Amino acid sequence: MKRIIYPGTFDPIHNGHINIAHRASHLFDELIFVVAVNNEKTTLFTAAERERLISESTGHLSNVRVKSFDGLVVNYAKESGAIGIIRGLRHVSDFEFEFQMAMMNYNLNPDITSMFMMPDEKYIHLNSTVVKDVARLGGDITDYVPDVVKQALLAKYKA
Ligand code: ADP
């Protein structure tokens, strides 16, 4: 069983994340989204909300699961029996941070392999912050997120 984890904040999940999960889920037997619970970022959605939005947005991918985790990603990878970590790479600007993190993860546990994948070109400029900003300012986010995420964002900003 080749299991891989896909860690991130996912605040909230968007179509770029789903594109990576879709691609990776065809290459591995199981993919687990790992929702970071307590990183230094302030999030709009709670971990439980982010987990639910990922589950509902990836229901069509039968070998995808979701877990929240508070701690080192390599530890979760080991605990869950995963062989590696998948991360999305959009721009050269992502590279430096991702490279540093991959090196650190390698030093923490050399058995866990970091892998990188590019999304379809149309998702290259997408990120959760931009999606939230557009939603907050009343713009149309239909093309960027699944409907369940769109509804959740509209509800947050209506309140
Ligand atoms: P983090 O807070 O760890 O950067 P995110 O939730 O923003 O996490 O992203 C999780 C993972 O998804 C990261 O590997 C990130 O590079 C990737 N990612 C984010 N947006 C996109 C996108 N538009 N296309 C492909 N991968 C993406």
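The structure under discussion appears in the preceding block.
Rules used throughout
- Residues numbered from 1 in each chain as written.
- Predicted model: local features only at pLDDT ≥ 70, side-chain atom pairs only at ≥ 80, totals over all residues.
- Heavy atoms only, no water.
- Buried < 20%, exposed > 50% of the residue type's maximum accessible area, 1.4 Å probe, protein only.
- Helix = DSSP H or I, 4+ residues; strand = E, 2+ residues; numbered from the N terminus.
- Arc of directions from axis to C-beta.
- Contact = heavy atoms within 4.5 Å.
- Polar contact = N/O pair within 3.5 Å; in protein donor to acceptor, adjacent residues only side chain to side chain.
- Patch = residues over 30% accessible without salt bridge, like charges linked within 9 Å, V, L, I, M, F, W, Y side chains within 5 Å.
- Areas by Shrake-Rupley, 256 points an atom, 1.4 Å probe, with all protein chains shown as cover.
- Salt bridge = Lys/Arg side-chain N within 4 Å of Asp/Glu carboxyl O.
- Phe/Tyr/Trp six-rings, centres within 6.5 Å; stacked < 30°, edge-to-face > 60°.

**Q** I'd love a proper account of helix 5 (residues 128-136), names of residues and values included.
**A** Each turn of an α-helix holds 3.6 residues, which means side chains three or four residues apart point in the same direction. For helix 5, the set of buried residues is S128, V131, K132 and A135. Along the axis of helix 5, the buried positions cluster into a sector of 100°, meaning they face one direction only. Looking at the buried positions of helix 5, the neighbouring elements they touch are helix 1 (15-27) and helix 6 (147-158). If you check the start of helix 5, you find a side-chain oxygen 3.0 Å away from the backbone N of T129, and it comes from N127. A positive phi of about 85° marks G138, the residue just after helix 5.

**Q** How would you explain a nonpolar patch on the surface if you had to name every residue and give the values?
**A** Together, V92, F95, F99 and M103 give the surface a local cluster of nonpolar side chains, amounting to about 430 Å² of exposed area. Within the secondary structure layout, F95 lies in helix 4 (residues 92-108).

**Q** Can you tell me about the packing of aromatic side chains, naming the residues and giving the values?
**A** Using the criterion set out here, one finds 5 aromatic pairs in the structure. Here F10 and F33 contribute two aromatic rings whose centre-to-centre distance is 5.1 Å and whose plane-to-plane angle is 70°, an arrangement assigned as edge-to-face. Here the residue F10 occupies a position in the loop between strand 1 (3-8) and helix 1, and F33 occupies one in strand 2 (residues 30-36), the gap between them amounting to 23 residues. Across this residue pair, the class does not change: F10 and F33 are buried. Seen in terms of ring centroids, F69 and Y76 are 4.9 Å apart; in terms of plane orientation they differ by 50°. Their pairing is tilted. On the basis of relative accessibility, which here comes to 8%, the residue Y76 falls in the buried class.

In short, the description is geometric, and any link to function would need to be established separately.
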